[in-house]
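# Understanding the architecture of this molecule
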Amino acid sequence: MKKLKLLIAVCLIGMIVPTASISQNIEELLSKYTSENGEKYMQPFADAFSANLNSGLFHNAKLKKMGFQIYLGLETQLAVIPSKQKTMTATTEGDFFPKTTVPGVPTVFGSTNGKKVEDEQSGLVYAFPGGLDIGYLPMATPQLTIGSVYGTNLTFRYAGTNKLEDVGKISLFGWGIRHSIDQYLPLPVNLAIGYYNQNFKVGQYIDASSSLISLQTSYSIPIVTFYGGLGYEMGKMNLKYEYEDPSSHEKTNVNFDLTPSNSLKLTLGFGLNLGPVNLHAEYNIAKQSAISAGLGIGFGDK
Amino acid sequence: MNKVKFLLFVTSIAVLMSCDIKDVKLYPSFTHNAEVIVNHEGNYIEFIDIQVSEIKDAMAGLDTEGGITDVMIEGIILDVTKNAAIGSPDNSASSITSNIVLTGWDGVEYILIENLSINLDQDTQEINLQSSLRKAGIKQFRDILFAIAQNSIPSGKEKVGIRLTGTPTPANAYINAKLEIRIKVVVEYSTEL
């Protein structure tokens, strides 16, 4: 098989994926993973990516009933990969017999060392590939929030590239709407409800979408805003690629439909209001937790 | 190719900020086929020679960067096709009992498969040999493959010799069958990512 080297230079508009080069042939990492094992292998990636998408979407719950509010900032997210997301239970495939179910097999985030299973009777060996030994998944997105009309504002996220060689076009678009509840109720805190939807595509390889419904609250004192939220996440991620067997040259279309396993999430955060500058940080507690921090400029947004 | 792009995208997201160089194990594989036609009355002895150059070419075809740290055999399948020798008498054996022996580079013969019973009641069949394999033979085979991978082939060794012997049932029946052995070989590479 032709040696494949690829230089990836990803520098999205506002989506800080650092420019870097990877020149490595890693085509066999997933070569055995064309079915259930593959979905298990990639599931933690879907979980972490979804957790990042649904973090940093708000940093207060204070919406004017009517008046100009705007915030433009950069939101960064970091999904910390728990140890349980680094291994999976997998089953041998292909020509290896007897079929054997093996715990502790690395996922995409797991140990770089693969796991070998040897049949004691025959001496045949099945090797599960390793992972990338990654402890966290970072992400960043630009974000614009603008309002407010009848206690309602809109949030947008967008990042994208032109077609990148060997990867294709990368795009992220998200929108959200939220509505103030405390305008109707005399509450000691601000309260709002929001809905967010985001779509992320990478050429023909990844098509992900995620939605979040969240109940948001905040309480401000001079300079500092404390905020939090309870959210319900929904999403899906489709991963697909074509695998060519190096010896037979047979091509296989591999298609994984993954559902991020996060559902309920609790957000706790605080922000510093330094004139028009807002700096905030939050922790999102869920099956796959994520830390988020953002820096931006806002007017009428405290 | 597309898989590489896909993987590189995933890793470009996942790895870039960590910036660590990691030692990753990769497991590309290839399948080698070797066949013999048994066209014989009564007991048979047949030989298959696997050329070292064929194995080397197959490994080169994997085109994976890094050093080879292990070679494994994941599976061995036997495909049997009855009456494969055209123009010869039809097969009259109802079954054959076969042994397959590997000649190690130390000159010693190692049993790969012992007392494998093959019913010749179908025109074609696929037999997974796992239950008939002998560990010592497989280990010797792995050692030979690893030596080829490491290019540490003993002087004068250009082939891997396999000997097949068998007995038909009923005795002296005519065997007309192609025996094709498919060996799936997995090569472990250690490479930096």
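The structure contained in this document is the topic of the report that follows. Nothing here was measured: the structure is a model prediction, and the numbers come from that model. (Residues numbered from 1 in each chain as written. Chains lettered and ligands numbered in written order. Predicted model: local features only at pLDDT ≥ 70, side-chain atom pairs only at ≥ 80, totals over all residues. Heavy atoms only, no water.)

### Comments concerning the overall build of chain B
Across its full length, chain B holds three helices and nine strands. A burial count over chain B gives 59% of its 193 residues as buried. Here the contacts in chain B between residues at least 6 apart in sequence split such that 83% fall between residues at least 24 apart. Counting every atom, chain B has about 7,800 Å² of accessible surface; 46% of that belongs to carbon and sulfur. (Helix = DSSP H or I, 4+ residues; strand = E, 2+ residues; numbered from the N terminus. Buried < 20%, exposed > 50% of the residue type's maximum accessible area, 1.4 Å probe, protein only. Contact = heavy atoms within 4.5 Å. Areas by Shrake-Rupley, 256 points an atom, 1.4 Å probe, with all protein chains shown as cover.)

### Describing helix α2 (residues 52-62) of chain B
Residues and elements named next belong to chain B. Listing the buried residues of α2 in full gives Val-52, Ile-55, Met-59 and Leu-62. Considered in projection along α2, the buried side chains sweep an arc of 75° and stay on one side of the axis. The exposed residues of α2 that point more than 90 degrees off its buried face are Asp-57 and Ala-60. On its buried face, α2 is in contact with β2 (29-41), β3 (44-51), β4 (67-82), α3 (135-149), β8 (159-169) and β9 (174-192). At the C-terminal side of α2, Asp-63 shows a positive phi close to 45°. (Arc of directions from axis to C-beta.)

### Notes on the nonpolar core
Among the nonpolar cores identified, the biggest contains 92 residues, and Phe-45, Ile-206 and Met-237 of chain A together with Ile-50, Leu-78, Phe-141 and Val-187 of chain B are the most heavily contacted of them. Examining the composition of this core, we find that eight residues originate from one element, β9 of chain B, more than from any other. Setting aside residues up to four positions removed in sequence, Leu-78 of chain B forms contacts with Leu-116, Ile-118, Gln-125, Glu-126, Ile-127, Leu-129, Leu-179, Glu-180 and Ile-181 of chain B. (Core = buried A, V, L, I, M, F, W, Y, C linked by side-chain atoms within 4.5 Å.)

### Section: the sheet that holds strand β5 (residues 95-103) of chain B
All names here are of chain B. Read from one edge of the open sheet, four strands run β3-β8-β5-β6, paired in antiparallel fashion. Edge positions in the sheet fall to β3 and β6 (109-119), since each has one partner strand and no second. Within the sheet, the average angular offset between the axes of one strand and its neighbour, ignoring direction, is 20°. Looking at chain direction, β5 and β8 are connected through nine bridges and run antiparallel. Note on β8: the bridge partner recorded for Ile-96 is Pro-168. Here α2 sits on the sheet in contact with β3 and β8, set at roughly 45° to β3. Contacts from α3 reach β3, β5, β6 and β8, with the element oriented near 120° to β6. (Pairing = 2+ DSSP bridges. Axes fitted to C-alpha atoms, helices over the stretch in contact; angles between N-to-C directions.)

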